[in-house]
Amino acid sequence: NVMSADLSRKYADLEARVREKTIDLEQSNKSLELLYNTSVLLNTGPLTESTYRLLLDDVRKLVGAGPGTICLTKHNDTRALKLASTRNPEPDRRDFCNPPECANCFGAGTTHLIDVPRGHGNLRVISIPIRDQKHHHGVLLIEIPPGQRLADWQTRLLETVAQNIANAITIAERDTEARRLALLEERSVIARELHDSLAQSLSYLKIQVSRISAALRKPDGKTSAQAVVDELRDGLNGAYRQLRELLTTFRIKMDGHGLSKALEETVREFAARSDVKIELQDRLYSAQLTANEEIHTLQLVREAIGNVVKHAQARHASITLDSDDEGYVTVVVEDDGRGIPPSPQRRQHYGLAIMEERAQILGGNVKINSKREGGTRVELDFLPSTRSPVTDSESETETG
C-alpha cells in the first residue's frame, strides 16, 4: 500500500510536469507563430491600416487578449493618430481613446495599465510604447477581458511585437529618406547637365538674336543679318541635337544585366552615330558595385565618349575598366584625337565639372589630361562602398 501510494504521487507529479511543459510549449508555439506573422506582415508590404488590422487580429487570437488599437505619432509629438483598431464601437459609450488627450496612453514611455470607467466596473487596457532607441512612434493598446490578467510571457510577447512595429517604421522611414535623397541628387544632376548644354546653347542663340536685331537697324544690314541667321540655324540644330542626347541619357536605366551590358549598349550606340572605332575592355570580374555606383560610372563613361565623338576629332577610342587587389576600381577612357584645349571655357565645354562631381559622389577622383602622343585620357579611381571600411558611427547606426 505504501509503494502504491508513493507511485501514485510520482505519477501525479509527472503528469503535472507534463501538463506544465505542454503549456510552456503551447505558449512558445503561440509566441513563435505571432512573431513570424508579425515579421511577414511588416516586411512584405507597405505599412497601411489593413496591415496593422491583420497584426492586431493575430495578437487577439494568439495572445488571448481583447481588441487592440495602434496609435502613431510623428517627431515625438504629444498627440497621436489612431491608425488602426479591431475594437467595435459600443453605442452610448464613450471610446476609451480621446485623441486630443494622449498623455494617459503615452505615460512615461513604459508599459503600463490604464483603467477606463465602464458602468459598474473598469475596462483595463495595457499600453505598450512603440519606440526604438531614438524615437517614440506611438503606442500599442490591448484591452484585457474582465476577470483576466496577462501573464508575464504575454506582456513580454506584446512588448516584442511593439518593438517589431517600431523597427519596421524606422526602416520604412529610412527607405523613404533614401529615395528622397536619390531623387534630389538625380534632379541636381539633370539641372547641371541642362545648364552645361541647353542653357549655354540658348544663351548663344539669344546673343545671335541681338546681333540680328542690331544688323537690321543698319541700312546695309541685310547681308550681315543673313550670315547671323545661318549661324542661328546652326545653333538651333546643335541645341536640338543636345536635347536628343540628354533625353537619351535621362532614359537610361540599369536592367538585370548590370553595368557590363549597359556599357556594351553604349559602345554600340556611339559607334553607330559616328566614325569613331570604340573598344571596350571590362575586367571588373570581382568588383561589387551598388546600383548608384553603376549608374554614375556609366554616366561618366557616356560623358567622356560623348566628348570624344563631338569634339575630339578622333579615329579610335577605348574604354577600360579594372580593379586591383584592394578593391579600387579604375575606369579609363582614351582617344587619339586633338586633346584638350588649354582654354578654361573649352574645358567646361568638355564636361569636366560634371565628371568631377560624379567622381565626388563616388568618393573618388577623376583626372583629365592630354596625352603626349596626342589625344585625351580620362581616368576615374574610386573604392566601392562594399569594400569601404565601416566607421564607428556607421557600426553604431547599423547596430541600432
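See above for the structure.
The notes below deal with the structure included here. (Residues numbered from 1 in each chain as written. Predicted model: local features only at pLDDT ≥ 70, side-chain atom pairs only at ≥ 80, totals over all residues. Heavy atoms only, no water.)

**Comments concerning the sheet that holds strand β8 (residues 329-335)**
Formally: By this definition, two strands are paired if DSSP reports at least two bridges between them. Runs of H or I in DSSP of at least four residues are treated as helices and runs of E of at least two as strands, each being numbered from the N terminus. With axes taken as lines fitted to C-alpha atoms, and helix axes fitted only over the stretch in contact, angles between N-to-C directions fall between 0 and 180 degrees. Two residues form a contact once any of their heavy atoms are found within 4.5 Å.
Taken in spatial order, the five strands of this open sheet run β6-β7-β8-β10-β9, and their pairing is mixed. The open sheet terminates on both sides in strands that have one partner only, identified here as β6 (277-282) and β9 (365-370). Averaged over neighbouring strand pairs, the angle between their axes works out to 10° when direction is ignored. Inspection of the sheet shows β9 paired to strand β10 (residues 376-382) by six bridges, in the antiparallel sense. For I368, the partnering residue across the bridge sits in β10 and is V378. Taken strand by strand, helix α7 (residues 291-312) contacts β6, β7 (316-323), β8 and β10, and its axis lies near 10° from that of β8. Along the sheet, helix α9 (residues 352-361) makes contact with β9 and β10, crossing β9 at roughly 150°.

**Considerations on the packing of helix α1 (residues 2-43) against helix α2 (residues 49-63)**
Stated precisely, the cut-off is as follows: For this classification, under 35 degrees means roughly parallel, over 145 means roughly antiparallel, 65 to 115 means roughly perpendicular, and everything else is oblique. In this classification, Asp, Glu, Lys and Arg are treated as charged, Ala, Val, Leu, Ile, Met, Phe, Trp, Tyr, Cys and Pro as nonpolar, and every other residue, Gly included, as polar.
Contact geometry for α1 and α2: axes closest at 10 Å, N-to-C directions at 180°. Here α1 lies roughly antiparallel to α2, going by the angle between them. Touching K30, E33, L34, N37, T38, L41 and L42 of α1 are T51, Y52, L54, L55, D58, V59, L62 and V63, all from α2. In the contact of α1 with α2, the residues fall into nine nonpolar, three polar and three charged.

**Comments concerning the environment of R372**
Tracing the backbone shows R372 in the loop between β9 and β10. Put simply, R372 and G339 are 33 residues apart on the chain and 9.3 Å apart in space, counted from C-alpha to C-alpha.

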